[in-house]
Protein chains: 2
Amino acid sequence: MLSIGSLSKQTDVKVPTIRYYEQIGLIDPPERTEGNQRRYPKEALERLAFVKHARELGFSIETIQALIELNNHPDRSCTEATTIAQEQLNNVRARIASLLRLETELVRITEGCNGAGTVSDCYVLASLADHSNCKTQHLEKTSF
Amino acid sequence: MLSIGSLSKQTDVKVPTIRYYEQIGLIDPPERTEGNQRRYPKEALERLAFVKHARELGFSIETIQALIELNNHPDRSCTEATTIAQEQLNNVRARIASLLRLETELVRITEGCNGAGTVSDCYVLASLADHSNCKTQHLEKTSF
DNA sequence: TCTTGAAGCTCTAGTCGCTAGAGGTATTAT
DNA sequence: ATAATACCTCTAGCGACTAGAGCTTCAAGA
């Protein structure tokens with residue numbers, strides 16, 4: 001049996017994060033000692049590693065919950081898991097495309113200015129004020 | 001003079017967002033009518049467009065505040081503005097690199113599974129459970 | 001001028017995925 | 001036995017908004 005601290009060290013997931021995952025139902029509540037401290041079985045290591053890896057790959061908590069739910073029914077078809085992963089891939093690709101457009105714009109903006117002049121005729125600031133110079137449509141939806 | 005609604009329509013920034021920007025000091029509090037409604041001068045259009053464009057380019061509110069502050073001192077050198085934009089560019093490039101690593105992993109994961117089997121031997125789920133198969137180091141810091 | 005409906009106002013709380021801190025208790029090593 | 005460390009719960013905060021309640025004001029048509 002593992003304390004929350006050793007689970008944390010072995011998975012490299014912070015202690016408060018583990019408690020948070022328990023609170024939102026992402027991992028099962030473990031047994032407790034008489035003194036009310038959490039004690040995890042070894043399987044918790046795998047479960048938490050799964051969650052961590054999926055988070056690193058950008059899956060939302062909600063999606064991870066769906067994947068865990070799937071995992072709990074080993075006899076079902078795995079089509080759904082594949083679909084979820086595919087959607088995540090599309091999502092990541094869309095974000096890459098969006099960031100590449102941003103990159104283009106930022107290169108244009110920074111290259112237009114040698115930093116030598118004053119603020120009053122700074123190309124960077126002028127470019128920020130005027131979207132119409134932009135060659136690409138950089139959309140607002142760039143967040144994760 | 002513009003009402004908050006027409007300012008919103010013309011800049012494509014939502015009304016609550018405009019009020020939020022005022023609250024955090026990103027745009028100046030405008031005059032009010034006798035009935036306490038906001039009335040903006042035309043310059044507010046440019047100011048808000050600046051903020052919107054910078055947000056679309058991924059600048060944080062804090063950074064935008066620094067840029068506006070710079071803008072208010074037209075006689076200063078524009079080195080600082082260029083530096084800020086350059087940092088933003090580096091930031092965007094780092095995120096692109098990170099997302100490209102994620103993409104590689106997700107392609108590997110989704111291609112390994114034809115969706116035909118059952119959950120118990122699903123390559124997607126197995127890959128999520130086991131990071132050691134990964135070819136790249138996809139770091140957790142993928143957020144914006 | 002009156003009326004009505006849209007648009008405005010403030011304030012609070014919720015989103016996501018954690019993270020930090022306060023104030024207290026349990027465990028473990030010496 | 002004591003002291004250091006780890007653990008507990010609970011609340012609040014982050015960034016950048018967004019949604020809703022409950023109220024007031026404005027503008028256009030009859």
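Here is what the cut-offs are and how they apply
Residues numbered from 1 in each chain as written. Chains lettered and ligands numbered in written order. Predicted model: local features only at pLDDT ≥ 70, side-chain atom pairs only at ≥ 80, totals over all residues. Heavy atoms only, no water. Least-squares fit on C-alpha atoms with pLDDT ≥ 70 in both. Contact = heavy atoms within 4.5 Å. Near = heavy atom within 4 Å. Polar contact = N/O pair within 3.5 Å; in protein donor to acceptor, adjacent residues only side chain to side chain. Helix = DSSP H or I, 4+ residues; strand = E, 2+ residues; numbered from the N terminus. Nonpolar A, V, L, I, M, F, W, Y, C, P; charged D, E, K, R; others polar. Buried area = accessible area lost by both parts, 1.4 Å probe. Salt bridge = Lys/Arg side-chain N within 4 Å of Asp/Glu carboxyl O.

As a further point, take the relation of the copies chain B and chain A. Here chain B sits on chain A after a turn of 180° about the axis and a move of 0.0 Å along it, with an RMSD of 0.1 Å. Between the two chains, the operation in question is that of a two-fold axis. Ranked by how close their C-alpha atoms come to the rotation axis, the residues of chain B are headed by I96 of chain B, at 3.0 Å. Of all interface residues in chain B, 98% are interface residues in chain A too; the two copies therefore contact each other through one and the same surface.

Looking now at the protein's contact with DNA strand C. Close to DNA strand C lie 18 residues, the nearest being Y21 and R55 of chain A together with G5, R19 and R38 of chain B. Backbone atoms, meaning sugar and phosphate, make up 90% of the atoms of DNA strand C lying within 4 Å of the protein. Separating a phosphate oxygen of DNA strand C from a side-chain N or O atom of R55 of chain A is a distance of 2.8 Å. A distance of 2.8 Å separates a phosphate oxygen of DNA strand C from a polar atom in the side chain of R38 of chain B. For the surface near DNA strand C, the secondary-structure elements that each account for two or more residues are α2 (15-23) of chain A together with α1 (4-11) of chain B. Ranked by residue count, the leading element in the surface near DNA strand C is α2 of chain A, at three residues. A class-by-class count of the residues in the surface near DNA strand C yields four nonpolar, nine polar and five charged.

At the junction of the two partners, chain B supplies 58 residues and chain A supplies 57 residues. Taking both partners together, chain B and chain A bury about 4,800 Å²; carbon and sulfur atoms supply 73% of that area. Between chain B and chain A we count two salt bridges in total. The closest approach of N and O atoms between R93 of chain B and E103 of chain A, which form a salt bridge, is 2.7 Å. Seen at the junction of chain B and chain A, the total is 16 residue pairs in polar contact (both at pLDDT 80 or more).

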